[in-house]
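Close look at the chain arrangement
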Amino acid sequence: MISVAEAQALLLSLVKPLDGETVPLRQAVGRMLMGAVTALDPIPPFSASAMDGYAVARVDVAPGDRFTVVGESAAGHPYAGTISGDQAVRIFTGATLPNGGQRIIIQEDVVRQRDGLVIRPELGDGLHIRPAAGDMAMGDRHVSNDPLGPRDIALIAAMGHGQVAVRRKPRVAILMTGDELRPPGEPLAPGQIRASNGYGIAAELELAGADVRLLPIAQDTAESLSAALGLIGDADLLITIGGASVGDHDLVAPALTQAGMDMAFHKVAMRPGKPLMAGKLGNTAVVGLPGNPVSAMVCTTIFILPMVRKMLGQCSDIPLETRRLVAPLPPNGPRQHYMRAMLIGDDRVEVAERQDSSLLSVLTQSDALVIRPPSDGACVLDQEVSVMPLTR
Ligand SMILES: Nc1nc2c(c(=O)[nH]1)N[C@H]1C(S)=C(S)[C@@H](COP(=O)(O)OP(=O)(O)OC[C@H]3O[C@@H](n4cnc5c(N)ncnc54)[C@H](O)[C@@H]3O)O[C@H]1N2
Ligand code: MOO
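Residues numbered from 1 in each chain as written. Chains lettered and ligands numbered in written order. Predicted model: local features only at pLDDT ≥ 70, side-chain atom pairs only at ≥ 80, totals over all residues. Heavy atoms only, no water.

**Digging into the site of ligand 1**
Lining the immediate surroundings of ligand 1 are 21 residues, of which Glu180, Gly243, Ala244, Ser245 and Lys274 lie closest. One nitrogen or oxygen atom from the main chain of Ser245 is found 2.9 Å from an oxygen atom belonging to ligand 1. In this structure, Gly291 approaches ligand 1 through a main-chain N or O atom, which is 2.9 Å from an oxygen atom. The fraction of the free accessible surface of ligand 1 (870 Å²) that becomes covered by protein chains is 70%. Looking at the shell around ligand 1, the elements with two or more residues in it are β15 (193–194) and α6 (293–311). (Near = heavy atom within 4 Å. Polar contact = N/O pair within 3.5 Å; in protein donor to acceptor, adjacent residues only side chain to side chain. Areas by Shrake-Rupley, 256 points an atom, 1.4 Å probe, with all protein chains shown as cover. Helix = DSSP H or I, 4+ residues; strand = E, 2+ residues; numbered from the N terminus.)

Spelled out as structure tokens, the structure:
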């Protein structure tokens, strides 16, 4: 049996960052940029008024000064001429500053007369001009190491790009195995249970940015498993669930080997998740998860999410915290234990009483895993432990 750290390293070595594809900007939210995006024009492309008012041809303006209004500049409709001396142009927010314009006088600071205006005593001192390229110069770059969010999308649109090069989504196929499994929404016959793992894992990996397919559930026979393995197509990653242990009906490892998988390891010194296996089947990385629901979900968080992140070109490190226990814990066994737990306040953690790896309700009420190293001694109240927060 290998250690968790060895398994993590081997699993990451099975995948590499994927190539890119160009998508319409409307489909780019949540995707990873392939490289820098450059501004196609200055932003704004021209000097513009920040207020509704009058553009004048000098900065030095005093109360009582008079100007002649010679034209208008509205957004999308610039004034064609050039102003000088005591000329002014009626102007609106976002409109092009006319040639010769030096300052905007807001309309609240003028008294409008027939063909002109007089500056009021309340005149403020702002110029109210947004200079060309004040936000970005042409050719300025935007890079992001995180999935594109709404603010990135707005900026990339402003930079002029209707489409953008992003990392291809990892294609993941999930194969649930077991004669007892029925999809949710269908009635149960005696001896059957709901197939739940594939749904949770698909959701977790979709939130991480993968493109996930749930394959039809395979039966516990060599024929059914072999037929299912024929459906993985061009998946970057195949996840099998169940049939990973040592029972007479645990046929996934032999089926994968029979299909030609190069087994990197089978069994990890951890709890839950001991029967985990992995390897490479052609170009497809394969992770065989244990069937117990908590084992499958926890192994997805610890092992598969970092693989998906690596394929997306993201950092694959799992952030850990140190917290103090609100109750003592007995000594740990020989496997690294990921105990379901609740975060309390800023610095405490409470380990759930029931740790059986079939209890999905306990996992769902938990927002962290306390990590006990192999053969860790008993822990006392207030002892510091390593904690992996779980995201919703
Ligand atoms: N003699 C031994 N027995 C077991 C060992 C062992 O070392 N020696 N290991 C145990 C451990 S640890 C685990 S974990 C389980 C995992 O076994 P399998 O991967 O073979 O899983 P199954 O037997 O197929 O299923 C276990 C459990 O999970 C349910 N299941 C399976 N798939 C799903 C699914 N998609 N959704 C919901 N629930 C699922 C299944 O019905 C079983 O109840 O083996 C121990 N045994
Ligand atoms: O993975 Mo198993 O859940 O250690 O019982």
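**Points about the site of ligand 2**
Every residue near ligand 2 is listed here: Pro272, Gly273, Lys274, Pro275, Asn292, Ser295, Arg335 and Ser357. Ser295 is positioned such that a nitrogen or oxygen atom in its side chain is 2.4 Å from an oxygen atom of ligand 2. For ligand 2, an oxygen atom lies 2.5 Å from a polar atom in the side chain of Ser357. Classifying every residue of the shell around ligand 2 by side-chain character gives two nonpolar, four polar and two charged. (Nonpolar A, V, L, I, M, F, W, Y, C, P; charged D, E, K, R; others polar.)

**Here we look at the domain arrangement of the chain**
According to the domain assignment, the chain consists of domain 1 (4–18 + 169–311), domain 2 (24–41 + 143–167), domain 3 (48–130) and domain 4 (321–389). With centres defined by C-alpha atoms, the gap from domain 3 to domain 4 works out at 67 Å. (Domains from an automatic or database assignment.)

**Here's the deal with helix α1 (residues 4–13)**
For α1, the set of buried residues is Val4, Ala7 and Leu11. Projected down its long axis, α1 shows its buried positions confined to an angular sector of 60°, all on one face. Along α1, exposed side chains directed more than 90 degrees from the buried face belong to Ala5 and Ser13. In this structure, the buried side of α1 is in contact with β18 (262–266), β19 (270–271), β20 (277–281), β21 (284–289), α6 and β23 (336–344). (Buried < 20%, exposed > 50% of the residue type's maximum accessible area, 1.4 Å probe, protein only. Arc of directions from axis to C-beta. Contact = heavy atoms within 4.5 Å.)

**Focus on the sheet that holds strand β13 (residues 171–176)**
Strand pairing in a sheet relies on backbone hydrogen bonds, with the paired strands running either antiparallel or parallel. Ordered in space as β16-β13-β17-β21-β20-β18, the six strands form an open sheet in which the pairing is mixed. Each end of this open sheet is capped by a strand with a single partner; those strands are β16 (211–214) and β18. Averaged over all neighbouring strand pairs, the angle between strand axes comes to 20°, with direction disregarded. Note: strand β17 (residues 237–241) against β21, five bridges, orientation parallel. Each residue of the ladder has a partner; that of Leu237, found in β21, is Ala285. Contacts between helix α3 (residues 197–207) and the sheet are confined to β13, β16, β17 and β21, with β13 contributing the most and set at about 170° to the helix. (Pairing = 2+ DSSP bridges. Axes fitted to C-alpha atoms, helices over the stretch in contact; angles between N-to-C directions.)

**Examining unusual backbone geometry**
Cis geometry marks the peptide bond from Ile43 to Pro44, where omega comes out at -10°. Its identity is not glycine, yet Lys267 carries a phi of approximately 95°, on the positive side. Summarising the element assignment, Lys267 is placed in the loop between β18 and β19. Unlike most non-glycine residues, Ser375 shows phi in positive territory, near 60°. With respect to the helices and strands, the residue Ser375 is situated in the loop between β25 (368–372) and β26 (384–389).

**Description of helix α4 (residues 222–229)**
By the burial criterion, the buried members of α4 are Ser224, Leu225, Ala228 and Leu229. Angular distribution of buried residues about the axis of α4 spans 135°; they occupy a single face of the element. Residues of α4 that are exposed and point over 90 degrees away from its buried face: Glu223 and Ala227. Contact partners of the buried residues in α4: β13, β17 and α5 (252–258).

**Some details on the UniProt feature "domain: MoaB/Mog" (unreviewed entry) in the chain**
Listed under "domain: MoaB/Mog" (unreviewed entry) in the UniProt record, and renumbered for this structure, are residues 173–310. What you have in residues 173–310 is 32% helix and 25% strand, and the ends, taken at the C-alpha atoms, are 17 Å apart. (UniProt positions renumbered as here; feature names shortened; annotations may be inferred.)

**Quick notes on the pattern of salt bridges**
This structure, assessed with the given rule, holds 13 salt bridges. One salt bridge in this structure joins Glu21 and Arg31, with 2.6 Å as the shortest N-O distance. With a gap of ten residues between them, Glu21 in strand β1 (residues 20–24) and Arg31 in the loop between β1 and β2 (37–38) connect regions that are remote in the sequence. Between Asp65 and Arg58 there is a salt bridge; the shortest N-O distance is 3.0 Å. By relative accessible area, Asp65 is classed as partly exposed at 22%. Given the relative accessible area of 25%, Arg58 is considered partly exposed. Each of Arg324, Asp347, Arg348 and Asp382 takes part in a single network of salt bridges with overlapping partners. (Salt bridge = Lys/Arg side-chain N within 4 Å of Asp/Glu carboxyl O.)

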